Amino acid sequence: MNSAFPHLIDLNDYPVAWWKKVVELGERIKNDPAAFAHECDGKIMATLFYEPSTRTQMSFQTAMIRLGGQIIGFDNPANSSVAKGETIKDTTKIVSSYSDILVIRHPVAGAAKAAALTADCPVINAGDGGHLHPTQTLTDLLTLKIEKKKLSGLTIGMCGDLINGRTVHSLCKALSMLEDNKFVFISTPELRMPAYIKDIIKANGSSFEEVDTLEEAIGRLDVLYMTRIQQERFASEADYLAQKNTYVLDRAKMLGAKKDMIVMHPLPRVDEITVDVDDDERAMYFTQAKYGVFVRMALIMTMLSEKKQTELLKGKVYGGVRCGNPRCITNHEEYLPKSFRSSGDQTLLECEFCDERKLI
Ligand code: ASP
């Protein structure tokens, strides 16, 4: 199923050269933001945030305003017709007729793709449940380019809630496409990286290992990417409490790290990095959030000039087969096609909205 507009649902829908160009443009903007102040004069960006956000929403809004454009939208669906039961389809149809570009965040996986199916303008995925967060990845790539001077040949530790953290899913998918990157996943057995992401890493020719403690990994990392335990994605409070506070990066642990290792975090931080790490020159998380504005300026400009149509669904509907993930958009909005990719093995299907696997 094709859309007449370019969309950014998953970075891997575009070639590596495309994202590198966005990141390079982000760096040029960082060095001279005033030169880009009128790039989006007269354009309107809509931000539809169905889930809380500070950095992503405000950095997108700042980006559009700094480009000369204007913004509309909501950050509390309770104040919109969503509260009256309006579907993503209808909200998107209308809002995309008011705006030139639409940015959506939603608590359910696959929601951005669902929005793109009906939108009459480009759609950007600003986070869909525990699935993907491609614009955080662009922010992370710009941070690596500036602070590590490279995007390849890195050993990257990812620590915390790797099963529910959409930022690390998108980042692994991107960094494993670049040469010679290695991953060290630091988590409890319950919060390990999903199997489908590990398979993508292997298919891209990168390697990973899984360890239980920060101490056993920190000394060999070039980058430590900390993440928050995603309380809102746990089935119960007890399940969350069992994971909370397992990983805390503090000054003592930083003593075991390389002198040039950088610490990244998509933020918000809860308690996984103690505040005394903030003064360490290797702590890069606040700088990383600042870079998010420049790369989003670059992305908005790129999407508004991109001519490419997007092929949103390439798979098939298999009779009455439904996605087994209760947090997939196809189980929330009935009109959506239950479309699956088949990965060679005809009995293993992958949902085209949330990537959940299903045996038939
Ligand atoms: N801000 C990031 C996100 O929206 C990370 C987080 O919430 O933990 O995914």
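As a reminder, the structure under discussion sits directly above these lines.
Throughout, a residue's number is its position along its own chain's written sequence, starting from 1. In keeping with the predicted nature of the model, local features appear solely for residues at pLDDT of at least 70, side-chain atom pairs appear and are counted solely at 80 or more, and the whole-chain, interface and lining totals rest on all residues. The basis for the side-chain values is all heavy atoms of the structure; hydrogens and waters are excluded.

1. Looking at the overall build of the protein chain
As a reminder, the rule being used: Each helix is a run of H or I in the DSSP string that is no shorter than four residues. Each strand is a run of E no shorter than two, and both are numbered from the N terminus. In this treatment the radius of gyration is a C-alpha quantity, and the globule benchmark scales as 2.2 Å times the residue count to the 0.38 power. Residue burial is assigned from relative accessible area. The probe radius is 1.4 Å, only protein chains are included, and a residue is buried under 20% of its type maximum, exposed over 50%, and partly exposed in between. Note on contacts: a residue pair is in contact if any heavy atoms of the two residues lie within 4.5 Å. A 1.4 Å probe and the Shrake-Rupley method give the accessible areas. Residues count as covered only by the protein chains that appear here. Under the counting rule used here, the positive set is Lys and Arg, the negative set is Asp and Glu, and His together with the chain ends is not counted. For this purpose, a charge sits on NZ of Lys, CZ of Arg, CG of Asp or CD of Glu.
The helix and strand inventory of the protein chain stands at ten helices and 15 strands. What you see for the protein chain is a C-alpha radius of gyration of 20 Å, in line with the 21 Å of a compact globule of 360 residues. Based on the C-alpha atoms only, the size of the protein chain along its principal axes is roughly 55 × 55 × 40 Å. In the protein chain, which comprises 360 residues, the proportion classed as buried is 55%. Sequence-distant contacts, at least 24 apart, represent 72% of the contacts inside the protein chain between residues at least 6 apart. When the accessible surface of the protein chain is split by element, carbon and sulfur atoms take 51% of a total near 15000 Å². Placing the 44 positive and 48 negative side-chain charges of the protein chain at their respective mean positions leaves the two points 3 Å apart.

2. Focus: the site of the ligand
Applied cut-off: Being near a molecule or strand, for a residue, comes down to having at least one heavy atom within 4 Å of it. The residue classification treats Ala, Val, Leu, Ile, Met, Phe, Trp, Tyr, Cys and Pro as nonpolar and Asp, Glu, Lys and Arg as charged. All others, Gly included, are polar.
Inspection of the region around the ligand gives R105, H133, R166, T167, R228, Q230, P266, L267 and P268 as its neighbouring residues. Compared with its free state, where it exposes 260 Å², the ligand has 91% of that area covered by protein. Of the residues assigned to the shell around the ligand, the class counts are three nonpolar, three polar and three charged.

3. Points about the nonpolar core
Heads up, the rule is: Working definition of a nonpolar core: buried Ala, Val, Leu, Ile, Met, Phe, Trp, Tyr and Cys residues. They are joined through side-chain atoms within 4.5 Å.
W18, W19, L138, M158 and L299 are the most contacted members of the largest nonpolar core, which has 60 residues in total. Counting residues per element, this core draws most heavily on helix 10 (residues 285-305), at ten residues. When neighbours within four sequence positions are excluded, W19 is seen to be in contact with L11, Y14, L138, L141, A174, M177 and L178. Membership of the second largest hydrophobic core comes to 32 residues, among which are L48, L312, C328 and F340.

4. Points about the sheet that holds strand 6 (residues 155-159)
Using the following cut-off: In this analysis, strands are considered paired if DSSP registers two or more bridges between them. Orientation is described by lines fitted to C-alpha atoms, with helices fitted over the stretch in contact, and by angles between N-to-C directions that extend from 0 to 180 degrees.
On the basis of which strands lie adjacent, the open sheet formed by five strands has the order 8-7-6-9-10 and parallel pairing. For this open sheet the edge positions go to strand 8 (207-211) and strand 10 (262-264), each flanked by a neighbour on one side alone. The mean inter-strand angle of the sheet, taken between neighbouring strand axes irrespective of direction, is 20 degrees. Bridging between strand 6 and strand 7 (residues 182-186) involves five bridges; their strand directions are parallel. Note on strand 7: the bridge partner recorded for G157 is V184. On the sheet, helix 6 (residues 166-175) packs against strand 6, strand 7 and strand 9 (223-226) and is oriented at approximately 165 degrees with respect to strand 6.

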